[in-house]
Amino acid sequence: MKRKKVSIIGSGHTGSTLAFIIALRDIADVILVDREKNKDKIKGKTLDILQSGSILGFDTHVKSTVDYRDTAGSDVVVITAGVPRLPGMTRDELIQTNEQVMIEVTEQIVQYSPECKIIVLTNPVDAMTYTVYKKSGFSSERVMGQSGILDSARFNTFVAEALGIAVNDVHGLVLGGHGDTMVPLIRHSQVNGIPLNELLPQEKIQEIVKRTQNGGAEIVKLLGDGSAYYAPSAAVYEMVEAIILDKKRVLPSIAYCDGPYDLEDLYIGVPTLLGSRGVEKIIELDLTEEEQQQFKHSAEAVRELKSTLKG
Ligand code: NAD
């Protein structure tokens, strides 16, 4: 059977960590792309990943390049290229620089991999995913972004810590934009079937909600020179795997909503079914009045960001 191919545009912290996870799991060959000035650096990272194969027992093909011809025929392309959020910088301030990067890289992706699915990680990710969708001309099911898996993972981690239990038993669901307005759905969050409301007091849950909404900024502040990359790479890996292995996973993704959730022409975090066709379905939840208000507020924030796009 022909090996699958995943290209990663932007080989910084998240891009190279994602390459390492894909290589370790050996689900596809990997092409790491970056700018000419980083040619040697990404060659070094690639060699480093390859050399760990001898110890960890994988022989996945991983290659670095600055030439998009090497990405030809990719099944999935992940975009992490751009500038990360630095201390004190809001996601909104990233928009100008990163929109230009999205336009530039999407042109190349489409030229060499016209059949691929694209997953965007670059922030502000809801708006950047919209830019890539428009620029690519692809059907919306083939273009998506990552936020909900990471935001839910942060929520799960804080819940597990509060309860002193295994994180794998916690199943939270976070929807909406990837920012301060994200909506952790408490009613849909549970610990192996036990509703969260029955295990933690309201004040503690609200504290965890706030910490989740601030989860990216908390790490930016602690790192001092960049943003989180282990969990973000793990989150995007889960999406890549769902598509490459056609797993039909039910995962939150930034998906194109034009109808669902009463939204019009907007990319935002919603529950989706991910398989080989990309976003094969958007799952519409029956939200309470309060949840609807919160989701609407989040959608407004994403729409405002989208309105600042130049393209
Ligand atoms: P990083 O600075 O370590 O890596 C970015 C890489 O992109 C750099 O190597 C840079 O040279 C490269 N790049 C820039 N312009 C390029 C271009 N035109 N073509 C090819 N490569 C280019 O940053 P990072 O920590 O890997 O984060 C990447 C992006 O992902 C940031 O925008 C960050 O905010 C975002 N992010 C999003 C999430 C999420 O949940 N959606 C989580 C973490 C990070």
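Small disclaimer: the values here were computed from a predicted structure and weren't measured.

A.B. asks: Give a description of unusual backbone geometry that names residues and reports values.
C.D. replies: The phi angle of most residues is negative, glycine excepted, and most peptide bonds adopt the trans form. Note the cis peptide between N123 and P124, where omega equals -5°. Of note, the phi angle at D246 is positive, near 50°, even though the residue is not glycine. Summarising the element assignment, D246 is placed in the loop between helix 8 (230-244) and strand 12 (249-257). Phi at K248 takes a positive value of approximately 55°, unusual for a residue other than glycine. Residue placement: K248 occurs in the loop between helix 8 and strand 12.

A.B. asks: Can you tell me about the UniProt feature "binding site: NAD(+)" (unreviewed entry) in the protein, naming the residues and giving the values?
C.D. replies: Mapped onto this numbering, the UniProt entry annotates "binding site: NAD(+)" (unreviewed entry) at G10, S11, G12, H13, T14, G15, D34, N98, L121, T122 and N123. When its relative accessible area of 2% is taken as the criterion, S11 is described as buried. If sequence neighbours within four positions are ignored, S11 has contacts with S16, L32, V33, D34, I42, K45 and T80. In this structure the side chain of S11 is engaged in a polar contact, spanning 2.8 Å, whose partner is the backbone oxygen of V33.

A.B. asks: Help me get a handle on the sheet that holds strand 11 (residues 194-195), residues and values and all.
C.D. replies: Here we have three strands laid out as an open sheet, ordered 7-10-11, and antiparallel in their pairing. Two strands lie at the open edges of the sheet, namely strand 7 (170-171) and strand 11, each paired on one side alone. Where strand 7 and strand 10 (residues 190-191) come together, two bridges link them in antiparallel fashion. Bridge pairing in strand 10 links H171 to Q190.

A.B. asks: Quick rundown of the pattern of salt bridges? Include the residues and the values.
C.D. replies: Enumeration over the complete set of coordinates arrives at 17 salt bridges. Between R211 and E218 there is a salt bridge, and its shortest N-O distance comes to 2.9 Å. Judged by its relative accessible area of 25%, E218 falls in the partly exposed class. When the shortest N-O distance is used, the salt bridge between R249 and E238 registers 3.2 Å. Of this pair, R249 sits in strand 12 while E238 sits in helix 8, and the two are 11 residues apart along the sequence. Note on R249: relative accessible area 26%, which makes it partly exposed. Taking the relative accessible area as the measure of exposure, E238 reaches 23% and is therefore partly exposed. The network of salt bridges with shared partners includes E141, D246, K248, R277 and E280.

A.B. asks: Give me the lowdown on the domain arrangement of the protein, citing residues and values where you can.
C.D. replies: Its domain assignment divides the protein into domain 1 (5-145) and domain 2 (148-306). The gap between the C-alpha centroids of domain 1 and domain 2 is 22 Å. Taking both partners together, domain 1 and domain 2 bury about 3,300 Å²; carbon and sulfur atoms supply 71% of that area. The interface formed by domain 1 and domain 2 includes two salt bridges. Notably, a salt bridge pairs R277 with E141, separated by 3.5 Å at the nearest N-O pair. There are nine residue pairs in polar contact (both at pLDDT 80 or more) connecting domain 1 and domain 2.

A.B. asks: Please set out the packing of aromatic side chains residue by residue, giving values where relevant.
C.D. replies: Counted under the stated rule, the structure contains seven aromatic pairs. Between Y130 and Y133, the aromatic rings sit 6.4 Å apart at their centres with planes inclined by 65°, giving edge-to-face as the arrangement. With Y130 and Y133 both in helix 4 (residues 125-136) and three residues apart, this pair spans about one turn of that helix. Looking at Y133, the relative accessible area reads 15%, which means it is buried. Ring geometry for Y130 against Y267: centres 6.5 Å apart, planes inclined by 75°, an arrangement best described as edge-to-face. Placement of the pair is Y130 in helix 4 and Y267 in strand 13 (residues 266-275), with a sequence separation of 137 residues. Taking relative accessible area as the criterion, Y130 reaches 10% and is therefore assigned buried. Owing to a relative accessible area of 1%, Y267 belongs among the buried residues under this scheme. Taken together through their ring pairs, the aromatic side chains of Y130, Y133, Y256 and Y267 make up a single cluster.

How each quantity is defined
- Residues numbered from 1 in each chain as written.
- Predicted model: local features only at pLDDT ≥ 70, side-chain atom pairs only at ≥ 80, totals over all residues.
- Heavy atoms only, no water.
- Helix = DSSP H or I, 4+ residues; strand = E, 2+ residues; numbered from the N terminus.
- UniProt positions renumbered as here; feature names shortened; annotations may be inferred.
- Buried < 20%, exposed > 50% of the residue type's maximum accessible area, 1.4 Å probe, protein only.
- Contact = heavy atoms within 4.5 Å.
- Polar contact = N/O pair within 3.5 Å; in protein donor to acceptor, adjacent residues only side chain to side chain.
- Pairing = 2+ DSSP bridges.
- Salt bridge = Lys/Arg side-chain N within 4 Å of Asp/Glu carboxyl O.
- Domains from an automatic or database assignment.
- Buried area = accessible area lost by both parts, 1.4 Å probe.
- Phe/Tyr/Trp six-rings, centres within 6.5 Å; stacked < 30°, edge-to-face > 60°.

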